[in-house]
Each structure stands twice: as C-alpha cells, then as structure tokens.
Amino acid sequence: MTLAVEVEGLVKEFGGLRAVDCVSLSVPAGERRVLIGPNGAGKTTLFHCVTGTLAPTAGRVALFGRDVTRLAEHRRTALGIGRTFQISNVIVDLSCLENLVLAAIGTDRRKWVLHRPVAAFPGVRRTALEGLDLVGLAHRADDPVRLLSYGERRQLELALALTGHPRVLFLDEPCAGLSPSERARISRMIAALPRDLTVLMIEHDMDVALGLADRVTVLHRGRVILEGPPGEVQTNPEVRDVYFGHV
Amino acid sequence: MTTSAILQAINGTSLAALLFLVASGFTVTFGLMRVVNMAYGAYYLLGGYVGLSIARATGSFTLAIVGGGAAVVLLGYLIDRFLIRYTGENHLAQVLLTVGVAFVVGDVALKIWGGDSLKVPVPAFLRGAMELPGGLVYPTYRFVLILFSLFVAGALWLLYRKTQIGAVVRAGVDDREQVGATGINVDRLFVMVSALASFLAGMAGVVGGAFLTLYPGAEWEILIVALVVVIVGGLGSLEGAMIGALVVGLLDAYGRWLLPEFSYFVLFGPMAVLLLFRPRGIFGKEA
Amino acid sequence: MTAARAAAVVGVVVALALLPQVAGPFWMGLATQMIVFGLLALSVDLLLGHAGLFSICHGSFFAVAAYTTAILQVRYAVPTALAAPAGLLAGTLLGLLFGLAVRTRGVYFILITIAFGYVVWGVAHRWSSFTGGDNGVTNVPFPAVGGLRVESDTDYYYLVLLVVALCALGYRVLVRSPFGLTLRGIKGSESRMRSLGYDSNRHLYAAFVLSAALASLAGVLYVYYNRFVNPVAASFPVSVEAALMAILGGTGTIAGPFIGSAIILGLRNWVSSFFELYATVMGLVFIVTVLWAPGGLVGLAARLRRRAARP
C-alpha cells in the first residue's frame, strides 16, 4: 500500500508561536482524509508545509514515497498535487478559461513557448474547457474572473485543483462561505471524484466532513489529538470539548 | 599608505553620517506608513538651499539648519496631505508621484538659486582643519559632522527604542492595523513621524551643503546613495540605516580612492551580494 | 482583433509611412524619436503591464547598447553588421546581470532597479577615458550593411519604422503565447502560480532579459538616429519617463507605450520652445497621470466608451 502523503514530526514556528507542533500523519493512496479542528489549530499551516508553500521548522514530508522536505513548491506540484486555498486564489484579471489553461500547462514544458499563441494549442484549450465543465462553469469560460460571484470563484478554485490530473488533492475549506445548495453541489463533486485520487480536506462543517471522510484527523493547537474513522471521532468527548467549550 | 587609509575611513564615516540623516527618515517613513517617497533628495536640496539663504542673510548656521529643516517640514506636509495621501499603498503611484514632485522642486530651485555649485557658509570655529591623535590633520567640519550625526542617531535610537512614542512607532512598523486598534490617533502619529523625517532631510541638506556643495542634480545623487543604504540595511529598520550608512559610506570613500572610475561598481557590489543571499537587507522584514 | 482596430492600425502605419512626404525634416525627426522611445517604453511595459514588475533601469540597457555600438563604429571602425548586434548583445548581457533583481518584489525591486540604473550612469559619467565622460561618443555614422547604406534621415526613418513594426508584431505573438499568459498569471497571483507548478522567479528572469534585449534594440536604433550618445541616455529621468510613457499610454497594450511616447515627446518639444520650465511640466504630468489617469489614456478611452455605451 503506497502512502500518498507522509508527515513525520512536523513543526512550524512563527517567531515564538508554534502553529504546528510535532504532527505526524500518514495518508494511503486513494484515501479521503479530513482534517478538522477549531480556528487556529494549524490545519492550513500544515497544508502549506506539505505542499511546499511554507518551509517547515523541523520534521519530514514525503509524497508517494519520495522525501520532499527540501523540495520547492512548484517541483512538488509536478509530483501530482492539486490544491485549493482557504481564500479563493484565482487570477482575477484573466478569464476563467485562461486560468484553467495555466493550470493545464503548469507542469508542462509548453508553458515556455513564446513564439506561438496559446490559441495554437487546441489540446490545452480542450483540457481547460473540460475542467470548467466539471465544475459547471463552462458557460463562463470567457468571462473575466473579476465578474464571478464568490460561489463561482470557489468552483473555479476547485477546477484549478482538478485540472492537470493530480494524484493528491489538498482542499482547504472548499465550502467556506457558500450557500447550502452551493455547499451540496461542491460536496457532490468531491464525492464523485475518482477513487484513485487521494484527497486531503480541511473542513469546518462537521456534516460535510463526516459524510466524505474515510478517516478523520483532529487538530487542536497544532497537535493531533485524535485520528480515526468518522463515527469514532463524532462521538469522542474530547473532540466535543475542543469544539464546544472547555478549551 | 596607512595614513591615507585612515583618512579615507574618516571620509567614509563623515559621508555615512550624512547618509544616515537622509536614509533614516526615508526608511522609517516606509516602515511605518508604507510610503515610498522619492522626493527625499529634493527635500535635501531644498532644505540646503533655504538654509544657505538664511545663513547668508543672518550669518547663523544654527538658524540655517532650523530654517532649512522647517521649510522641508512644511513642504513635506503639503505633499503628504494633498498628494501622497491619494496613492494609498500603491508603490508605483507613489514613486511616480514623488518623482514628479522632485522634478518640480528641482526645477524651481534651479530658477531661484541658479545652476552653480553653492556652499553653505559655516561659522569660523568649524572651518579649517584640526589635529587628530596620531598626527593626522583632518577638516574640522567633517569631524564635527560625525559627532553631530552620532548625537542625532543616538537621540533617534533612544526615541525609537526607549520611549512610549517609539514603542508605538515600532509596533506600527510591525503591524499597522494593530496600532489603530489601541486607540492611538494614527493620523497624528503619521504626521509627526513624517515631519521628523522631513526635518532630518532638510537639516541634512544644510549640513551636507556645507562640505559637499549644492547643485542641480545633487538631489538625485544623494537619493540614490541613500536608497542603497536602505536596501542594504533593510527597509523600515533604523539600526539598518545606521549600519547601511556606514557600509556604504566606507565603500564609497575607498572606492573613490582606489578605483575612481569604477567607484559606482563598488556601491553595486554589496547590493548584488545581498540580493543573492538576503534580498530584504540586513535587518529588513519580508518585502 | 476587431475590424475597427485593424483599420486604425493600418491607418496609423500608412500615415507614418507618408509622413516624410507631407511634413518637413523636423517632424520626421520627432517622429523617429517617438518611435524609438516608444520601443523603449514597450520594453518597460513587458515587465510592468504583463509581469507586474516596475523596473526603472531600462535606460541602462538602452545606453549600454548605444555606447557599445557607437564606440565600436567610431573608435574601432567596426562595420554596422557587427557593431549593431554587438550593442544588442551588450545590453542583453547587462540584462542577464541586472536580472538578479527579480529575486525581490514590490518596493525592493523598484529601489534596486533604480540603484542599478544609477551605477551605469555613474560609470558612463566617470569612466571618461573609455566613455568620453559627459561629452559622450560623437560622430556615429549612418548604418551600412553590405551594399545597403542609409544615406539620409528619411532612409533611416523608414528603417526605424520597419524594424519597430516587426518588433511590434513579434511582441504581439509573445504576449499571446503561453509564456506571455504565464507572466500575466504571475502578476495576478504569484502564490497561485507557484502552486500550479510554475517557477515564478525563472519566468520573471526570462521576461527581464527579454525586456532588456528590447530596450537594447531601442538603444541601437537611437544611437544611429542621434549620431551621438552621452551619459544622459542612462540617467534616471530617461528610465522613469519610459515607465511613465507606458502608463500614460496604457499598460498591457501594444499601442499604449507608443502613444505615451508621442505625448511626452510632443509635450517636451512644445513646452521647451517657449518655456524653460520643462522639468516642472514633466513633473506635473507625472503627478496628474498618477492622480487622474492611472489606467493610462487607453484605459481612459475604454472607460469613456463604456460610459457612452450605457443606456
């Protein structure tokens, strides 16, 4: 059984603050792992350290068996990472299609072509349109992202993560700030993802989280306090304390 | 040979003394208010010219310094209030706007004071040379300048590190929004800090104009070198401005002495090295 | 490209081509300058309008190319066929070096490019034994390659028009290419681009070197027009004006930098004929542009069109 993501003793300090305090995690390929925990628990920081956005203070990160602790972010992406950010990180001055074109050729040598227009690569355009179609934004292909609603940007964010055939997805609160129907829509999309795709997701909404997860990791103040199948986590009293009081 | 080397060290230090006065205002203004003000060189020049006229009219060097500083405080306030305020945190806009201001100020100064190199007259006791330990003879003025600048640097450092106002400014440099939340009148703080920075620049003009002379174009030369100081020392850091000024001053002096035609390369060196290993300068925060 | 826009472009090109026939040498000379400096402004805009980097040292590449070509032709009797490419190469090599600046962003980047630019000015100014100091290098001949010689200002005007038109076409392909799109992506969100697999520093470095090459070409074109070069070419005002031209005309476009160049040079000519406060006027143009037309004139035109289109 391959481990898609392996984190060992990860520590991330900012000045005097330990955002991530000795976290270890192993996610087998194909698993749906959800990270939950109150605000400030270190979930997003942990993601940043695994994807390479931030360099850890200590510890080890491995992706598909390969040690990537010292590897730059863009190189880790080439191993098959797709990610969404907590706050939609899309390129607002470009069109939806252009955003996805960039996602499609992110790890492709064709991104360096400077003597032929983008339009000369129909395959790339097709891939980009497929990505838009997947999240239901095909009708907005040529619209500048600036004109998209918050919910549509969240959809675009997901499309960016999915385009380019990732092997592991890092989704940071994909449903944040969405209406119930939009929320349901995104959940369905995630649930419908192919089973060979490993998914790590940070989620605040317990229902969404527990509905999608194979396994749940609970973080609090930078540490893992519990890890197990959704049912176990749901009924655990310590988790309830952390979420509802006695912090 | 060693005598020359020591002389150059003192030269470099006297230049550093001047550079610190210009750079400290620029760096703290940026650190606290996130404003890039390329008119600092013009402030220096204007302060110098105004001080020059005052010194000629009254014979008082002290009055020249105060007057030159005050003139720039006034100009600086007007620029902040009616122009810079509208640029928000758009650094590109600030650069272009303040460059435009510098062009106008420089041109107007040219019309008023002409194109010749002018020197600010200094009182008799600062003229001539003095004897230093070891038998070295050195211009009195430059030496006193070093002491003066050390005094100003010390005063600024105390203000910055040891007073409550300084603590607020430091907190603001770290996190602007936080300061507003503590209930302090942020606008008034900005005006005060900006005024101090302007005063320093204007004063530097008078003090520098007494040995480097004032001429059209001087505003850009001093600005650029002050920028190198700020790059090396790190934007927003007062200590950085001190160390940076010393590094740049010494490099400039030795560069001019040893490689006169390539002295600008000597300035380039530390910047290039810094970019390779520490892009934000010795004490700078994340850019 | 819309039919209307294509027609406008054709119209402008035709007008420029006919200019020497209908107007005197003064206007032709002015037009030559506008086109050459427009190219310099375009080079700055590749970084500003597409990559989001505000560089104020492009006068350095411009000047180094001009000086190299001039010195080779004048002092070492090197023919144009070698001197011109050498100038282009020299400026581009400097771009490879100054490109170090892309390791920084935002304010630091701006300040570092300013400082770099000044170093070149300083060398041009101080190294008089080689550069001629403030006197510069004079008596640059007209270019001549093999049997083709430029015999007059008119000939040269057409040469410049042709070269710059080809550059503009090439530039158009560049900004529409994947590389160009990548730059705009980095400008929009570098963090997003890095997470998508792009080594943003490398792309920005490549863009910087390309823009230095374009600025160098402008420098070579300049020196054959002006027949001389001095340290002013590397000065801060030249670099910062090139940026202003791009902004005034409209960043992110191809016509914008040229429009900006035409306005700034036209204004300079008009003002200095009866006024000695040229620098003041320039300063005011900077201030007014920043406060009232940050999107440039192309942006302003677009806004007006939108407003007219509203019911």
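Bear in mind that the values here come from a model prediction, so they are computed numbers and not experimental data. (Residues numbered from 1 in each chain as written. Chains lettered and ligands numbered in written order. Predicted model: local features only at pLDDT ≥ 70, side-chain atom pairs only at ≥ 80, totals over all residues.)

### Comments concerning the overall build of chain A
Right, so step 1: Of the regular secondary structure elements, chain A holds nine helices and 10 strands.
Right, so step 2: Taken along the three principal axes of its C-alpha coordinates, chain A extends 60 × 40 × 40 Å.
Right, so step 3: Relative to its full complement of 247 residues, chain A shows a buried share of 46%.
Right, so step 4: Long-range contacts, defined as pairs at least 24 residues apart, comprise 68% of the intrachain contacts of chain A with a sequence gap of at least 6. (Helix = DSSP H or I, 4+ residues; strand = E, 2+ residues; numbered from the N terminus. Buried ≥ 20, exposed ≤ 12 C-beta atoms within 10 Å, placed from the backbone. Contact = placed C-beta atoms within 7 Å.)

### Quick notes on the overall build of chain C
Right, so step 1: Of regular secondary structure, chain C possesses 14 helices and two strands.
Right, so step 2: Its C-alpha atoms give chain C a radius of gyration of 19 Å, within 12% of the compact-globule value 19 Å for 311 residues.
Right, so step 3: Its C-alpha atoms put chain C at 60 × 45 × 40 Å along the principal axes.
Right, so step 4: By residue count, 56% of the 311 residues in chain C fall in the buried class.
Right, so step 5: Of the contacts made within chain C by residues no fewer than 6 positions apart, 75% connect residues no fewer than 24 positions apart. (Rg over C-alpha atoms; globule rule 2.2 N^0.38 Å.)

### Regarding the packing of helix 2 (residues 25–51) of chain C against helix 12 (residues 255–274) of chain C
Residue and element names in this part refer to chain C.
Right, so step 1: In contact at an axis separation of 7 Å, helix 2 and helix 12 are set at 135 degrees when each is read in the N-to-C sense. With respect to each other, helix 2 and helix 12 are oriented oblique. In the crossing of helix 2 with helix 12, the sense of the turn from one axis to the other is right-handed. Contacts between helix 2 and helix 12 involve Leu30, Gln33, Met34, Phe37, Gly38, Ala41, Leu42 and Asp45 on the former and, on the latter, Gly256, Pro257, Phe258, Gly260, Ser261, Ala262, Leu265 and Asn269.
Right, so step 2: Taken together, the residues of the contact of helix 2 with helix 12 sort by class into nine nonpolar, six polar and one charged. (Axes fitted to C-alpha atoms, helices over the stretch in contact; angles between N-to-C directions. Parallel < 35°, antiparallel > 145°, perpendicular 65-115°, else oblique. Left-handed = near helix turned anticlockwise from the far one by under 90°. Nonpolar A, V, L, I, M, F, W, Y, C, P; charged D, E, K, R; others polar.)

### Quick look at the sheet that holds strand 10 (residues 223–228) of chain A
Residues and elements named next belong to chain A.
Right, so step 1: Strand order in the open sheet formed by six strands is 6-7-8-3-9-10, and the pairing between neighbours is mixed. The open sheet is flanked by strand 6 (81–84) and strand 10, the only strands paired with a single partner. Here the strands of the sheet are splayed against their neighbours by 15 degrees on average, with no regard to which way each runs.
Right, so step 2: Strand contacts of helix 1 (residues 43–51): strand 3 (32–36), strand 6, strand 7 (168–172), strand 8 (198–202) and strand 9 (215–220), with the helix running at about 150 degrees to strand 7, the strand carrying the most contacts.
Right, so step 3: Where helix 5 (residues 150–162) meets the sheet, its contacts fall on strand 6 and strand 7, and the angle it forms with strand 6 comes to roughly 170 degrees. (Pairing = 2+ DSSP bridges.)

### Considering the interface of chain B and chain C
Right, so step 1: Taken together, the 40 residues of chain B in the interface contact 34 residues of chain C.
Right, so step 2: Examining the composition of the side of chain B that touches chain C, we find that 14 residues originate from one element, helix 4 (residues 91–113) of chain B, more than from any other.
Right, so step 3: Per-class residue counts for the side of chain B that touches chain C are 32 nonpolar, five polar and three charged.

### What about the interface of chain C and chain A?
Right, so step 1: Listed per partner, the contact involves 20 residues of chain C and 29 residues of chain A.
Right, so step 2: When residues of the side of chain C that touches chain A are traced back to their parent elements, those giving at least two are helix 7 (153–176), helix 8 (178–188) and helix 9 (190–195) of chain C.
Right, so step 3: When the residues that make up the side of chain C that touches chain A are grouped by side-chain class, the tally is seven nonpolar, eight polar and five charged.

### Some points on the domain arrangement of chain A
Residue and element names in this part refer to chain A.
Right, so step 1: Considered domain by domain, chain A is made up of domain 1 (1–80 + 166–247) and domain 2 (86–163).
Right, so step 2: Here the C-alpha centroids of domain 1 and domain 2 sit 25 Å apart.
Right, so step 3: With 16 residues of domain 1 at the contact, the number on the domain 2 side is 10 residues.
Right, so step 4: Of all elements in the fold, only strand 7 and helix 6 (180–191) reach the threshold of two or more residues within the side of domain 1 that touches domain 2.
Right, so step 5: The class makeup of the residues in the side of domain 1 that touches domain 2 is nine nonpolar, four polar and three charged. (Domains from an automatic or database assignment.)

### Examining the pairing of strand 4 (residues 58–63) of chain A
Residues and elements named next belong to chain A.
Right, so step 1: Sheet topology note: the strand 1 (residues 3–14)/strand 4 ladder contains five bridges and is antiparallel. Opposite Val5, over in strand 4, you have Leu63 as the bridge partner.
Right, so step 2: Across two bridges, strand 4 lies against strand 5 (residues 66–67) in antiparallel orientation. Note that in strand 5 the partner of Ala62 across the bridge is Asp67.
Right, so step 3: Once strand 4 ends, the chain turns through two residues before running back antiparallel as strand 5, passing Phe64 with a positive phi of about 50 degrees.

### Regarding the environment of Tyr138(B)
All names here are of chain B.
Right, so step 1: Structurally, Tyr138 is set in strand 2 (residues 136–139).
Right, so step 2: Each C-alpha atom, one on Tyr138 and one on Ile10, is 8.7 Å from the other, the two residues being 128 residues apart in sequence.
Right, so step 3: Not counting residues within four places of it along the chain, the set of residues in contact with Tyr138 comprises Leu7, Ile10, Ala129, Met130, Leu132 and Phe143.

### Considering the pairing of strand 10 of chain A
All names here are of chain A.
Right, so step 1: Bridge analysis of strand 9 against strand 10 gives five bridges, and the strand direction is antiparallel. Residue pairing for strand 10: His220 is matched across the bridge by Arg223.
Right, so step 2: Where strand 9 hands over to strand 10, the hairpin turn is made up of two residues, of which Arg221 adopts a positive phi near 50 degrees.

### As for the confidence of the model for chain C
Right, so step 1: Residues at a pLDDT of 70 or more form 94% of chain C, whose mean pLDDT is 90.
Right, so step 2: The complex model carries a pTM of 0.91, and its ipTM stands at 0.92. (pLDDT = per-residue confidence, 0-100.)

### Notes on the sheet that holds strand 2 (residues 17–28) of chain A
Residues and elements named next belong to chain A.
Right, so step 1: The strand order across the open sheet built from four strands is 2-1-4-5, with neighbouring strands paired in antiparallel fashion. Strand pairing shows two members of the sheet lacking a second neighbour, strand 2 and strand 5, which therefore form its edges.
Right, so step 2: Along the sheet face, helix 1 touches strand 1, strand 2 and strand 4 and points at about 115 degrees away from the line of strand 1.

### Overview of helix 3 (residues 58–76) of chain C
Right, so step 1: Taking 1.5 Å per residue as the helical rise, helix 3 of chain C with its 19 residues ought to reach 27 Å, and the 26 Å between its terminal C-alpha atoms agrees with that figure.
Right, so step 2: Immediately downstream of helix 3 of chain C, the backbone of Ala77(C) shows phi near 50 degrees, a positive value. (Expected span 1.5 Å × (residues − 1).)

### Comments concerning unusual backbone geometry
Residues and elements named next belong to chain C.
Right, so step 1: We note that Asn139 has phi near 65 degrees; this positive angle belongs to a residue other than glycine.
Right, so step 2: With 10 C-beta atoms counted inside 10 Å, the residue Asn139 sits in the exposed group.
Right, so step 3: Although it is not a glycine, Arg227 sits at a positive phi angle of roughly 65 degrees.

### What to know about the nonpolar core
Right, so step 1: Of all hydrophobic cores here, the largest spans 273 residues; its most connected members are Leu19(B), Val22(B), Ala226(B) and Ala115(C).
Right, so step 2: No other element matches helix 10 (residues 200–226) of chain C, which puts 17 residues into this core.
Right, so step 3: Domain assignment of the residues forming this core places at least three in each of domain 1 (1–80 + 166–247) and domain 2 (86–163) of chain A.
Right, so step 4: Setting aside anything within four residues of it in sequence, one finds Ala115(C) in contact with Ile224(B), Leu227(B), Val228(B), Ile231(B) and Met271(B). (Core = buried A, V, L, I, M, F, W, Y, C linked by C-beta atoms within 7 Å.)

### Quick notes on the environment of Asn11(B)
Residue and element names in this part refer to chain B.
Right, so step 1: With respect to the helices and strands, the residue Asn11 is situated in helix 1 (residues 2–33).
Right, so step 2: Among the residues examined, Asn11 registers 20 C-beta atoms within 10 Å and is labelled buried.
Right, so step 3: It is 9.2 Å that separates the C-alpha atoms of Asn11 and Asp252, two residues lying 241 residues apart in sequence.

### A look at the environment of Phe61(B)
All names here are of chain B.
Right, so step 1: Tracing the chain through its elements places Phe61 in helix 3 (residues 61–82).
Right, so step 2: Take Phe61: there are 20 C-beta atoms within 10 Å of it, and that puts it in the buried class.
Right, so step 3: What Phe61 contacts, discounting residues up to four positions off in sequence, is Ala55, Val122 and Pro123.

### Things to note about the packing of helix 11 (residues 236–249) of chain C against helix 12 of chain C
Residues and elements named next belong to chain C.
Right, so step 1: Contact pair helix 11 / helix 12: the axes reach a minimum separation of 6 Å and the direction vectors enclose 115 degrees. Between helix 11 and helix 12, the angle falls in the class roughly perpendicular. Here helix 11 and helix 12 pass one another in a crossing that is right-handed. Here Glu241, Leu244, Met245, Ala246, Ile247, Leu248 and Gly249 of helix 11 lie close against helix 12, whose contacting residues are Ala255, Gly256, Pro257, Phe258, Ile259, Gly260, Ser261, Ile263 and Ile264.
Right, so step 2: Here the contact of helix 11 with helix 12 is built from residues that sort into 11 nonpolar, four polar and one charged.

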